[in-house]
Amino acid sequence: MFSDSVEITVSSGKGGAGCVAFRREKYVLQGGPNGGDGGKGGDVYFKVDNNTHTLAHFQGNKNLKAEKGQPGAGSNMAGKAGKRLVVVVPPGTQVVDVETGEILLDLLEDGQEVLFLTGGRGGLGNVHFKSSTNQKPMYAQPGEPAVTRVVRLDLKLIADVGLVGFPNVGKSTLISTVSNARPEVANYEFTTLTPKLGQINIGEFDSYIMADIPGIIGGASEGKGLGLKFLRHIERTKTLLFMIDLASYHELEYQYETLKKELENFSPLLAKRNFAIALTRADAMSPEEAVEKTNGFLKLLKLDPVKKSRFAFSDEYPVYEQEDFDKAFYDASKPAFIAPISSAINLNIKPLTYALYQMVVTERA
């Protein structure tokens, strides 16, 4: 089960109470106080673990408590400190205060460990309160109370490239073709019900991460379909790939304008991300029709096809590419490239992965 948001209550450990005790030893006259201190309560830490991919493990346990400190004892023996609590979360988890909505922690890197709540200090035993005027103190401090916070954990997947498109435009097919991800693929809408991540390898040593989210429809930013629930998962991506279906009954212009509008409504910052456009399912029509539709789309955006592709896109289809992806020369108002693709017949798939990689590398620099 995938879970990307869960509300939990976390508590640090209460400090142990100090002890009231006195020496009772043979041949020791007027022994005096020797009550030990209480142990410190356990702290609460959040830790990022790459081996954890969802928040589902919190569904059955939403009240998490660190161990309390043990009380002190006689003979100046201090109580044992409470064991700390380590809350393990996947990369990309935000810890949000439920009452205020403030983001308290943004946990991104594998192995990152952050102190969240400090356990209560143990109380002092009565040995600390003896004086010339109070040689028999009957008082010891109680331990400090635990600290409790109600927080919401929000998971926002971390990916280099986010796929954006209507339902059933081929996003799942593409990510299963180019990566190790195996999402459900079927000929009906909303086959993808939860976000998926896939790693795309470029050569032996380079790679990048692609995120496939459920399809976006008109009104997604207002809660229609599944878009609003999962749009957060592409908020962190620096590069977007708009996937527009050449064979859809929706016009290409309508698909493109709807996707841009929903991104803008959801997050103006997300709408300003660098983007490219893949015209999908070119295999569902004749090559001549695919060429005609691609040319019509380029004309709509007032863009001209390149004479020779830098990324080896097929010469049989018109392709647009910006001359340079470097930040100093890149025009963010235009797509980095536009190319027709087909995962079914492997049309322009390899060049697509190389072009996206070039965009990712530019963003990382």
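Residues numbered from 1 in each chain as written. Predicted model: local features only at pLDDT ≥ 70, side-chain atom pairs only at ≥ 80, totals over all residues. Heavy atoms only, no water.

## Some details on the overall build of the chain
No. 1: Counting secondary structure elements, the chain contains six helices and 15 strands.
No. 2: Sorting the 365 residues of the chain into buried and exposed places 48% on the buried side.
No. 3: Taking as baseline every contact in the chain between residues at least 6 positions apart, the subset at least 24 positions apart corresponds to 70%.
No. 4: With an accessible surface of roughly 18400 Å², the chain has 49% of that area assigned to carbon and sulfur atoms. (Helix = DSSP H or I, 4+ residues; strand = E, 2+ residues; numbered from the N terminus. Buried < 20%, exposed > 50% of the residue type's maximum accessible area, 1.4 Å probe, protein only. Contact = heavy atoms within 4.5 Å. Areas by Shrake-Rupley, 256 points an atom, 1.4 Å probe, with all protein chains shown as cover.)

## Brief notes about the nonpolar core
No. 1: Counting 57 residues, the largest nonpolar core has Leu-174, Leu-241, Ile-277, Phe-297, Phe-337, Ile-338 and Leu-356 as its most contacted members.
No. 2: The biggest single contributor to this core is helix H6 (residues 349–364), with seven residues.
No. 3: Each residue touching Phe-337, except ones within four places of it in the same chain, is listed here: Leu-241, Ala-276, Ile-277, Phe-313, Tyr-320, Glu-321, Phe-325, Leu-352, Ala-355, Leu-356 and Met-359.
No. 4: Of all hydrophobic cores here, the second largest spans 22 residues; its members include Phe-46, Ala-66, Val-87 and Phe-116. (Core = buried A, V, L, I, M, F, W, Y, C linked by side-chain atoms within 4.5 Å.)

## A look at the sheet that holds strand S4 (residues 85–89)
No. 1: Spatial strand order, S4-S2-S7: three strands in an open sheet with mixed pairing. In the strand order of this sheet, the two ends are held by S4 and strand S7 (113–117), each with one partner. Strand-to-strand twist of the sheet, defined as the mean angle between neighbouring strand axes without regard to direction, takes the value 30 degrees.
No. 2: Where strand S2 (residues 44–48) meets S7, four bridges bridge the pair, whose relative direction is antiparallel. For Lys-47, the partnering residue across the bridge sits in S7 and is Glu-113. (Pairing = 2+ DSSP bridges. Axes fitted to C-alpha atoms, helices over the stretch in contact; angles between N-to-C directions.)

## Describing the packing of aromatic side chains
No. 1: Counted by the stated rule, this structure contains ten aromatic pairs.
No. 2: Measuring from ring centre to ring centre gives 6.1 Å for Tyr-208 and Tyr-357, while their planes differ by 25 degrees; the resulting arrangement is stacked. Remark: Tyr-357 occurs in helix H6 and Tyr-208 occurs in strand S11 (residues 206–212); sequence separation between them is 149 residues. In terms of burial, Tyr-208 and Tyr-357 fall into one category: buried.
No. 3: Ring geometry for Phe-311 against Phe-325: centres 5.6 Å apart, planes inclined by 25 degrees, an arrangement best described as stacked. Note that Phe-311 is positioned in the loop between helix H5 (287–300) and strand S14 (320–321) and Phe-325 in the loop between S14 and strand S15 (337–340), a separation of 14 residues in sequence. By the burial criterion, Phe-311 is buried, and Phe-325 matches it.
No. 4: Members of the aromatic cluster, each reached through a chain of ring pairs, are Phe-242, Tyr-256, Phe-275 and Phe-297.
No. 5: Over the face of the ring belonging to Tyr-45 we find Arg-84, whose NZ or CZ atom lies 4.5 Å from the ring centre.
No. 6: The side chain of Arg-310 reaches across the aromatic face of Phe-325, ending 5.2 Å from its centre. (Phe/Tyr/Trp six-rings, centres within 6.5 Å; stacked < 30°, edge-to-face > 60°. Lys NZ or Arg CZ within 6 Å of the ring centre and 35° of its normal.)

## Focus on the confidence of the model for the chain
No. 1: For the chain, the mean per-residue pLDDT works out to 86, and 89% of the residues sit at or above 70.
No. 2: Between residues 217–228, whose pLDDT stays under 50, and residues either more than four places distant or in other chains, the model counts 27 contacts. (pLDDT = per-residue confidence, 0-100.)

## Considerations on helix H1 (residues 171–178)
No. 1: Most of H1 sits out of view: six of its eight residues are buried.
No. 2: Buried residues along H1 sit in contact with strand S9 (161–165), strand S10 (196–202), S11, strand S12 (239–245) and H6.

## A word on the side chain of Gln-255
No. 1: Tracing the backbone through its elements, the reader meets Gln-255 in helix H3 (residues 252–266).
No. 2: Its relative accessible area of 1% is what places Gln-255 among the buried residues.
No. 3: Once you skip the residues sitting within four places of it in the chain, Gln-255 turns out to touch Phe-166, Val-169, Ile-244, Asp-245, Ser-248 and His-250.

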